[in-house]
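Overview (structure and organization)
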Amino acid sequence: MLNTFIELDNVIDASKTLRNIVPTFEYLVSTIEQTYHHRFNLTMFQQILHLVPSFFIYQYKKKENDYELMIDIPKDFDERAKLDKNEFSKIQNKYDPIISAMTTQMKEKRITIFKSSLYEIVKEFHTKFLKDNHYKEFDPFIEKTWHHSFELNSVDNIPLYKIEEKPTVTNKFQECIKENDFKNQLLDKVKEDENFINLYD
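Every chain's residues receive numbers from 1 upward, in the order its sequence appears when written. Local features are withheld for residues below a pLDDT of 70 in this predicted model, meaning they are given only at 70 or higher, and side-chain atom pairs are given and counted only at 80 or more; totals for whole chains, interfaces and linings count all residues. Based on all heavy atoms of the structure, the side-chain values leave hydrogens and waters out of the count.

1. Some points on the packing of aromatic side chains
Applied cut-off: Pairs were defined over the aromatic rings of Phe, Tyr and Trp, the Trp ring being its six-membered one, requiring ring centres within 6.5 Å. Orientation was assigned from the angle between planes: stacked under 30 degrees, edge-to-face over 60, tilted for the rest. By definition, any uninterrupted DSSP run of H or I lasting at least four residues is a helix, any uninterrupted run of E lasting at least two residues is a strand, and each is numbered from the N terminus. We call a residue buried when its accessible area falls under 20% of the maximum for its residue type, exposed when it is over 50%, and partly exposed in between, using a 1.4 Å probe and counting protein chains only.
The full count for this structure, using the stated rule, is 10 aromatic pairs. Between Phe-25 and Phe-40 the ring centres are 6.0 Å apart and the planes differ by 50°, which places this aromatic pair in the tilted class. Taken together, the positions of Phe-25 in helix H2 (residues 25–36) and Phe-40 in the loop between H2 and helix H3 (42–51) put the pair 15 residues apart, joining distant regions of the chain. Note on Phe-45 and Tyr-58: the rings are 6.5 Å apart at their centroids and 90° apart in plane angle, and the pair reads as edge-to-face. A residue pair is termed long-range when its members are at least 10 positions apart, and Phe-45 in helix H3 and Tyr-58 in strand E1 (residues 57–63) qualify at 13 residues. The burial state of Phe-45 is the same as that of Tyr-58; both residues are buried. Grouping aromatic residues by their ring pairs yields a cluster made of Phe-5, Phe-45, Phe-55, Phe-56, Tyr-58 and Phe-114.

2. Observations regarding the side chain of Arg-110
Which entries qualify depends on this criterion: Contacts are assigned to residue pairs with any non-hydrogen atoms lying within 4.5 Å of each other.
Here Arg-110 shows up in helix H6 (residues 104–132). Look at Arg-110 and you get buried, because its relative accessible area is 0%. Once residues within four sequence positions are removed from consideration, Arg-110 is found in contact with Phe-5, Asp-9, Phe-55, Phe-56, Ile-73, Phe-77 and Met-102.

3. Some words on H3
As a reminder, the rule being used: The term polar contact refers here to a pair of N or O atoms within 3.5 Å; inside protein, the definition further demands a hydrogen-donor-capable atom paired with an acceptor-capable atom, and it admits residues adjacent in sequence only when both atoms are side-chain atoms.
Among the 10 residues that make up H3, 7 are buried, leaving the element largely enclosed by the rest of the structure. Those residues of H3 hidden inside the fold are in contact with helix H1 (2–17), E1, strand E2 (66–72) and H6. Of the residues flanking the start of H3, the one acting as N-cap is Asn-41, its side-chain oxygen 3.2 Å from the backbone nitrogen of Thr-43.

4. Here we look at H2
This is how it is decided: One less than the number of residues in a helix, times 1.5 Å, gives the span that helix is expected to have.
The end-to-end C-alpha distance of H2 is 16 Å, a good match for the 16 Å that 12 residues give at a rise of 1.5 Å each. Among the residues making up H2, those that are buried are Phe-25, Tyr-27, Leu-28, Val-29, Thr-31 and Ile-32. Structurally, H2 contributes buried residues whose contacts are with H1, H3 and E2. With its phi angle positive at about 60°, His-37 sits one or two positions after the end of H2.

Take a look at the structure:
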């Protein structure tokens, strides 16, 4: 997961400095797979967001008859990381991406914070493992390792951060049709009333 995060950061950063394009989800998937030969999908992105929700911003942008997912790095990710959940939820959907390339210091800071978040969630699974198996207290931070019986591969999947669903053009089109049908029904009703009145003229 750490490698996936670093690769995602690098590709988004390069899209601005080398290609001068807005990174779409499709672009990120293909570039990560072509450059690093690693898989990247929406589930992985949601897992990364669960660990560091303030590190990325996203929005759906209309394109012809569809919507595409745009993913970027907020220019104020540093400030966002300091906010509590309530404060963060107020600005969560604010799409204000970085314009220039990230500095080496910024990249290293993001990696350090991500590592810390990843460590904390694995530590939760480790603590549960010790408790379920009735092992004595074991602090991986002090011991500089996990318990010898704890297998990292057995750790449950990282929860998915819930992102809004992709809008569908079809639904809006259907609403338009329904609205027109309703208008047509009203017109038919008016015509019927007029015909009824004309019978008594």
